[in-house]
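Letter by letter, the chains look like this.
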Amino acid sequence: MLKKTSVLLLLMVHILLVMYLFWKQEYQFTQPTPIPEGFQEAEVGKSLDFQNTPLDGHPTPMFIHYFNDECPCSQFNLKSFRQLYQQYKDSLHFVVVVEHGKSIESIAADFPKGIELISDTPDAHIAVACGVYATPQAIIVDEQQHLYYKGNFNKARYCTQKGSNYALLATEQYLAGSPPPFFGWSAVQAYGCSLSIYDSTQYRNPLADLYSILSDNNH
């Protein structure tokens, strides 16, 4: 009887794990990332202070990709970002920023050599200055180091919809001398993974420990 109960429990855990993995890899990324408590939005036109960060003194205009290689949504837009770089590398300075503590070396192969890869400060100064609370996010900084655009790359998770290719559209409008665009809430409401400064448990799988305990008890 005990063995039968253990088998049923393991089966239930397997089902829960499948549901959790579906949520983690698929469903959660179709939903907006919750805005964290205490988050301060950065308004378009804001003068950005990068003093005492790796971006201090960098050439502008600048395109920043706030990136997290552990976040599926960041992986989804890599092809689109590389294309954007190849098209506009002579007009904008391209930078990829990762959270402090994450490896630069581990992502180097994902990007062309002309893109600078840097790590944010321990207090996430760059993210806070630009109003970033989730990855991936596209940021365009104008020549006067003001925020021109901050938002999603695309409404579609794989950046396949041309009509909602916000990062590309914002880049084109900036280089055309147009005022900062507003594409709607689908452009500015973040979809993806919360930064660790706001959510330090985002990648933890709470069912894994339960599965391990039940498996040990079944042997």
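Every value quoted in this text rests on a predicted model; they were computed, and no experiment measured them.

Analysis parameters
Residues numbered from 1 in each chain as written. Predicted model: local features only at pLDDT ≥ 70, side-chain atom pairs only at ≥ 80, totals over all residues. Heavy atoms only, no water. Buried < 20%, exposed > 50% of the residue type's maximum accessible area, 1.4 Å probe, protein only. Helix = DSSP H or I, 4+ residues; strand = E, 2+ residues; numbered from the N terminus. Arc of directions from axis to C-beta. Contact = heavy atoms within 4.5 Å. Pairing = 2+ DSSP bridges. Disulfide = S-S within 2.5 Å.

A. Seen up close, helix α3 (residues 78-88). Restricting attention to buried positions, one finds in α3 the residues Leu-78, Ser-80, Phe-81, Leu-84, Tyr-85 and Tyr-88. For α3, the angular spread of buried residues about the axis comes to 160°, placing them on one side. Its buried side turned inward, α3 meets β1 (62-66), α2 (72-76), β2 (93-98) and α5 (166-175).

B. Fine view of the pairing of β1. With 5 of 5 residues buried, β1 lies mostly within the body of the structure. Going residue by residue along β1, you find Met-62, Ile-64 and Tyr-66 tucked away on one face and Phe-63 and His-65 tucked away on the opposite face as well. As paired strands, β1 and β2 are joined by 5 bridges and run parallel to one another. Residue Tyr-66 lies in a different strand from β2, and its bridge partner there is Val-97. Examined bridge by bridge, β1 and strand β5 (residues 137-141) share 5 bridges and lie antiparallel to one another. In the sheet register, Met-62 faces β5, and the bridge partner there is Val-141.

C. How the structure looks around the state of the cysteines. One pass over the structure, following the stated rule, counts 1 disulfide. Between the sulfur atoms of Cys-71 and its disulfide mate Cys-193 the distance is 2.2 Å. Taking the sign of the torsion about the S-S bond as the criterion, the disulfide between Cys-71 and Cys-193, at about 85°, is right-handed. You can see Cys-71 sitting in the loop between β1 and α2 and its partner Cys-193 sitting in strand β7 (residues 193-194), a full 122 residues away along the chain.

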